[in-house]
Amino acid sequence: MDLLSSIKDHHSERRLFISRVVLTSVSGILLLGIVIARLVQLQVFDHETFAEQSQGNRVRIQPVPPIRGLIFDRKGRVLAENLPAYQLELIPEQVDDIDDTLLRLAALKLIDASEIDHINELIDSSPRFKPVTLKLRLTDEEIANFAIQRPRFPGVDFQPRLVRHYPHGFAVAHAVGYVGALSKNDLTRLTPSNYAGTAHTGKTGVESSFESELLGNVGYQHVVSNALGRQIPTNSRDLSDALPDNQSPAPGANIHLSLDLDLQLLASRALEGRRGAIVALDPRSGEILAMVSAPSFDPNLFAVGMSSSQFEGLQDNLERPLFNRAVRGAYPPGSTIKPMLALAALETGATNLARKSVCRGFFTLPNTTHRYRDWKPEGHGEVNLHDAIQQSCDVYFYEISVDIGIDRMHYYLDQFGLGSKTSVDIGGEHSGLVPSREWKREAFRDPADQRWFHGETVIASIGQGYMLATPLQLASAAGAVATRGKRFEPHLVAAVEDALTGERTLISPRRVDDVRIDNQDHWDAVIGGMHDVMQSVRGTAWAAGSNAKYQMAGKSGTAQVFSVAQEEEYDEELIEERLRDHALFISFAPLDDPQIAVAVVVENGSSGSRVAAPIARAIMDEYLGYGGNADK
Amino acid sequence: MRTNDAQRLTTGKAAPLGDFARLMRRLNIDGPLLGGILLICAFGLVVLYSAVGESMSQWLSQINRLGVALVAMFVVAQMPPDFLRRWTPWAYLGGLVLLILVLTTGEVGQGARRWLDLGIRFQPSEVMKLAVPMMLAWYLHDRTIPPRAAELLVLAVMIAVPTVLIARQPDLGTALLIAASGVIVIILAGLPIRLMVGLAVAAVPGALLLWNYMQDYQKQRVLTLIDPDSDPLGAGYNIIQSKIAIGSGGLFGKGWTNGSQAHLEYLPERDTDFIFAVMGEELGLLGVLSLIALYVFVIGRGLYIAMQAPDTYSRLLAGSISLTFFVYVFVNTAMVTGLIPVVGVPLPLVSFGGTSMVTLMAGFGILMSIQSHRKLLPR
């Protein structure tokens, strides 16, 4: 019985067990069915969505920056190029002890010990496989030094990159300009997509005004990257099959300037240790041959990147080296405007070729006692228009100024381009100022100040008072005298060259309104006077113009920075350097076929004829092929 | 006349068996089960080779572990079920002692105390994966089934003690799997359906209670399952990337070793818990269905052995081992496909790693022992 029940139990237990196995199996199959349904959903129905997400996961578009165009002078000499520079980099994941490595690098003076904290911050904030730049530009010595030590620094290495380089930086800094690190400000001004992968942009000069030509077009490539952003070589495995096409970058155009490097170097040497500017241009086309502002600076500092103290040093320098005096500096033109005024006087009948005045060293307006003094206290004696230009007699011009009147003065000077921007092809130009009654009414608020006084006309006739001109305007005006009224827009860029095809697009000279003076006798008289300034014994710049093998014309100017009180003796020695007169000179040559017009401004140079004129002469000599090699 | 020859004559299917089958029988190895297991392992090794980034050294170390595990299986297969049954209480009690030792003196790894170093370094929770169903089967072996209420209470305590100890490590995944292996024994032993439904209803407040007991990271996993996009770079990242991997594989997959999700490190834990996603990406739906079919075959063979088993102990134990294996497969695949929260359960026989492999194979060894010693036992 026991046995029987036991057997029965065994049977029923087995049946119960089997029924439970069936129950659990069915549940299991149902559960597996859910998983399989899920797999079908993911892999069949939603496959396309996930395939796209997978593609989007790994494929990134990486910009390939274009190579910036080069800048050449008129003879094909490089003024701006791209050179490989070496920067020191550290790849965190390859360095065992970063702190120790940085300390040892600092001990080798490859990095600054004070920068270690900053570098550590950079390391902490970027992926461990990404190189961190320790130093932007290594000198040859540092490279050599590090190369020996390299085995001691696993994970640290130097890497080449292209850096804008200006081989004659100081001499061409203001005309060519410089590139600097892209700022947020730049990106609001420029099209950010064009600058993907580019770290620099033109900031001043031609680098800035021809930025769009120089930049080129950014290219892009598709890269496969892993979850951490590490780029995977596309040929390493079959992950790149479906990548879209890449686009190569288009290099920027090369820019050919009209600048002549020899002139540029000469001019910059001539202004060494001084403040001032020189502009030389071809009056037949407006091509600028030289544009120098002094003191200058090294534009390579901006391209490479400099410390903030270096930048502040440039920015806060009292000499203002970053300031382009050639186009932004507005100076009282002084006597340099006398040739133009002489033409205005002849045209308006305020004087004629025969008229003579007697200069006793001062001039007074009718019914007044104020003495307008001549630069020569004893006076020039009897002078005609020719003599007045040659000897720069102020009294003659004081006399005729009242007859011309300020508005007609403005009318003629305006035709020479004074008082308005020249539209030169670099930015930041100052418009200068040629006053008129209308100008004064608008410029001043107080009605008492809005009235124009005769005395103001008198001092305007020697380029003082309100009158201001930039060195570029003066050179352009001198050019207009040289061509007897034919005027061209001054410009630096002569041609834009496609870097791939070499095809050049010439920038043709742009004529602007002629000076409306047709009487050749008048031109002859004025140009003759200017010739005698330099090449006759009585000329103010005889010392600078004598012994030349060609004929030239010029006019000196000495502009007062502060006014000398009535009856007071003028003692140069006692006046602080900064308060000395500005020295100016305009000139052109050769007389019969003018090829070059020059304006020289030397701040606080005291005397236009003694300081500025020899510089102008040297530049003309050099350009016309009479330059002595001893100068070089 | 030798026994084999006699059998050959009486069964009448002697001729096709041949020497190999005889050898298997003599070594107490179940051919179909071994075949299924080896196919899964081979499949797994192919996938693993890709998942470990074609690292030969890691791949060989997995083969090495597999070898050790197969030896363990073979050794266990030689132990007759009666022998196992006699030693069951000692194994269970020993396991409990080890679990207590782990909690007091164990080594800490990844924020949890799971390892014990007794000459060899191992996780005592692995012992319990087999000891718990063995203990329950042992307890029910001499009793009539279905169990009565008082017996159910004892069984519940037998499950609860190791489960709580393991959950304290904390290792919630393993704790739940061990509890499941015990619960499966009770279900197979004929737990009344009404009680099962009642327990399922009671599970709701139980789940709420569990929620309070869970660590923050565990709560996060549950929340992430409900809405993975709420934290795409944090806790939801695994699930999102895993779904992208599987979904982008499509029907036929991207090709072996060509899975971009896996090889470009988008997919975390690709060689362990998420290896199923690698398979889905590289071999497609057809690949994963093939693997699932192999699993179903092995589980089915296990349940067949259980149904053939001569006594309660063998039956319950074989059934629990087979169904627990199913639970592993289900939990891992459901987790990788984003159906259930991420719990650290590897894909059995495929994921990289050694500890659980030995336990699994030992379990299959028990199945083989039950199958091969069957006829030697008296009815």
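Basis of the calculations
- Residues numbered from 1 in each chain as written.
- Chains lettered and ligands numbered in written order.
- Predicted model: local features only at pLDDT ≥ 70, side-chain atom pairs only at ≥ 80, totals over all residues.
- Helix = DSSP H or I, 4+ residues; strand = E, 2+ residues; numbered from the N terminus.
- Contact = placed C-beta atoms within 7 Å.
- Buried ≥ 20, exposed ≤ 12 C-beta atoms within 10 Å, placed from the backbone.
- Axes fitted to C-alpha atoms, helices over the stretch in contact; angles between N-to-C directions.
- Parallel < 35°, antiparallel > 145°, perpendicular 65-115°, else oblique.
- Left-handed = near helix turned anticlockwise from the far one by under 90°.
- Nonpolar A, V, L, I, M, F, W, Y, C, P; charged D, E, K, R; others polar.
- pLDDT = per-residue confidence, 0-100.
- Core = buried A, V, L, I, M, F, W, Y, C linked by C-beta atoms within 7 Å.
- Domains from an automatic or database assignment.
- Expected span 1.5 Å × (residues − 1).
- Arc of directions from axis to C-beta.
- Pairing = 2+ DSSP bridges.

### Some words on the overall build of chain B
A tally of helices and strands in chain B yields 15 helices and 3 strands. Taking as baseline every contact in chain B between residues at least 6 positions apart, the subset at least 24 positions apart corresponds to 72%.

### Digging into the overall build of chain A
Helix and strand counts for chain A come out as 24 helices and 23 strands. When burial is assessed residue by residue, chain A has 42% of its 632 residues classed as buried. If you take every contact in chain A between residues at least 6 apart in sequence, the share linking residues at least 24 apart comes to 74%.

### Quick look at the packing of helix α14 (residues 338-348) of chain A against helix α16 (residues 394-404) of chain A
Residues and elements named next belong to chain A. The interhelical angle for the contact between α14 and α16, taken along N-to-C directions, is 50°, at an axis separation of 10 Å. One element, α14, and the other, α16, form an angle in the oblique class. Crossing geometry of α14 relative to α16 is assigned as left-handed. Mapping the contact onto sequence places K338, L341, A344, A345 and T348 in α14 and F397, I400 and I404 in α16. Looking at the contact of α14 with α16 residue by residue, the classes come out as 6 nonpolar, 1 polar and 1 charged.

### Some thoughts on the environment of D518(A)
Positionally, D518(A) belongs in the loop between β20 (511-512) and α22 (520-535). For the pair D518(A) and R484(A), spaced 34 residues apart in sequence, the C-alpha separation works out to 8.5 Å.

### Notes on unusual backbone geometry
Looking along the chain, the bond that leaves A294(A) and enters P295(A) is cis, with omega of -5°. Tracing the backbone shows P295(A) in the loop between β12 (288-294) and α11 (300-304). Put simply, A589(A) and P590(A) share a cis peptide bond, and its omega is -15°. Positionally, P590(A) belongs in the loop between β22 (582-589) and β23 (596-602). Even without a glycine there, the phi angle at S392(A) is positive, about 55°. Tracing the chain through its elements places S392(A) in the loop between α15 (385-390) and α16. Although it is not a glycine, T257(B) sits at a positive phi angle of roughly 65°. Examined against the element boundaries, T257(B) turns out to sit in the loop between α11 (237-249) and α12 (260-263). Under the C-beta neighbour-count criterion, T257(B) is labelled partly exposed, with 18 such atoms within 10 Å.

### Observations concerning α16(A)
With 9 of its 11 residues buried, α16(A) lies for the most part within the structure. Just downstream of α16(A) lies G405(A), where phi reads positive at about 85°.

### Considering the confidence of the model for chain A
Chain-level statistics for chain A give a pLDDT mean of 85 and a share of 92% at 70 or above. Taken as a whole, residues 1-8 of chain A scores under 50 in pLDDT and shows 0 contacts with residues more than four places along the chain or in a different chain.

### A short note on the interface of chain A and chain B
Across the boundary between the two partners, chain A contributes 37 residues, which contact 39 residues of chain B. Secondary structure elements with two or more residues in the side of chain A that touches chain B: α1 (2-45) and α2 (47-58) of chain A. Ranked by residue count, the leading element in the side of chain A that touches chain B is α1(A), at 21 residues. Considering only residue class, the side of chain A that touches chain B consists of 19 nonpolar, 10 polar and 8 charged.

### Quick notes on the nonpolar core
I278(A), V279(A), A280(A), V598(A) and I619(A) are the most contacted members of the largest nonpolar core, which has 133 residues in total. Ranked by residues supplied to this core, first place goes to helix α24 (residues 608-624) of chain A with 9 residues. Composition of this core by domain shows at least three residues from each of domain 1 (63-257) and domain 2 (262-315 + 325-631) of chain A. Contacts of V598(A), omitting those with residues within four sequence positions, involve I278(A), A280(A), A475(A), A478(A), I586(A), S587(A), A616(A), I619(A) and M620(A). Counting 114 residues, the second-largest nonpolar core is a separate cluster that includes I37(B), I145(B), V185(B) and F325(B).

### Here we look at α2(A)
Residues and elements named next belong to chain A. An ideal rise of 1.5 Å per residue puts 16 Å on 12 residues; α2 measures up with 17 Å between its terminal C-alpha atoms. Considered for burial, the residues of α2 that qualify are H47, F50, S54, N57 and R58. One side of α2 carries all its buried residues, which in axial view fall inside an arc of 85°. For α2, the exposed residues set more than 90 degrees away from the buried face come down to E48 and G56.

### Notes on the pairing of β12(A)
Looking along a regular strand, one sees side chains alternate from face to face of the sheet. Residue and element names in this part refer to chain A. Burial analysis of β12 places 7 of its 7 residues in the buried class, which makes it a mostly covered element. Where strand β11 (residues 276-281) and β12 come together, 6 bridges link them in antiparallel fashion. For A280, the partnering residue across the bridge sits in β12 and is A290.

### A word on the environment of G334(A)
All names here are of chain A. Residue placement: G334 occurs in the loop between α13 (325-328) and α14. With 28 C-beta atoms counted inside 10 Å, the residue G334 sits in the buried group. Residue contacts for G334: discarding those within four places in its chain leaves I462, G463, Q464, G557, T558, A559, L584 and G608.

### Focus: the sheet that holds β22(A)
All names here are of chain A. Taken together, the 5 strands give an open sheet; going across it, the order is β12-β11-β23-β22-β21, and neighbouring strands pair in antiparallel fashion. Two strands lie at the open edges of the sheet, namely β12 and β21 (553-559), each paired on one side alone. In this sheet, adjacent strand axes meet at a mean angle of 5° when their direction is disregarded. Looking at chain direction, β11 and β23 are connected through 6 bridges and run antiparallel.

### Some details on the packing of α2(A) against α11(B)
Contact geometry of α2(A) with α11(B) gives a least axis separation of 7 Å together with a crossing angle of 120°. Here the hand of the crossing between α2(A) and α11(B) comes out left-handed. Across the interface between the two elements, H47(A), T49(A), F50(A), A51(A), Q53(A), S54(A) and N57(A) of α2(A) pack against K243(B), I244(B), G247(B) and S248(B) of α11(B). Residues of the contact of α2(A) with α11(B), tallied by class, amount to 3 nonpolar, 7 polar and 1 charged.

### Some words on the environment of E503(A)
Residues and elements named next belong to chain A. Here E503 lies in the loop between β18 (493-497) and β19 (504-506). Here E503 falls in the exposed class, since 10 other C-beta atoms lie within 10 Å of it. The spacing of E503 and A253 is 250 residues in sequence and 9.8 Å in space, taken between C-alpha atoms. Leaving out residues up to four positions away in the same chain, E503 has contacts with E497 and D498.

### Comments concerning the confidence of the model for chain B
All names here are of chain B. Chain-level pLDDT for chain B is 85 on average; 88% of the residues reach the 70-or-more range. Ranking the elements of chain B by mean pLDDT puts helix α1 (residues 3-11) last with 49 and helix α13 (residues 275-308) first with 95. Counted against residues more than four places away or in other chains, residues 8-15, with its pLDDT under 50, gives 2 contacts. Across the interface, the model reports ipTM at 0.88; the global pTM reads 0.66.

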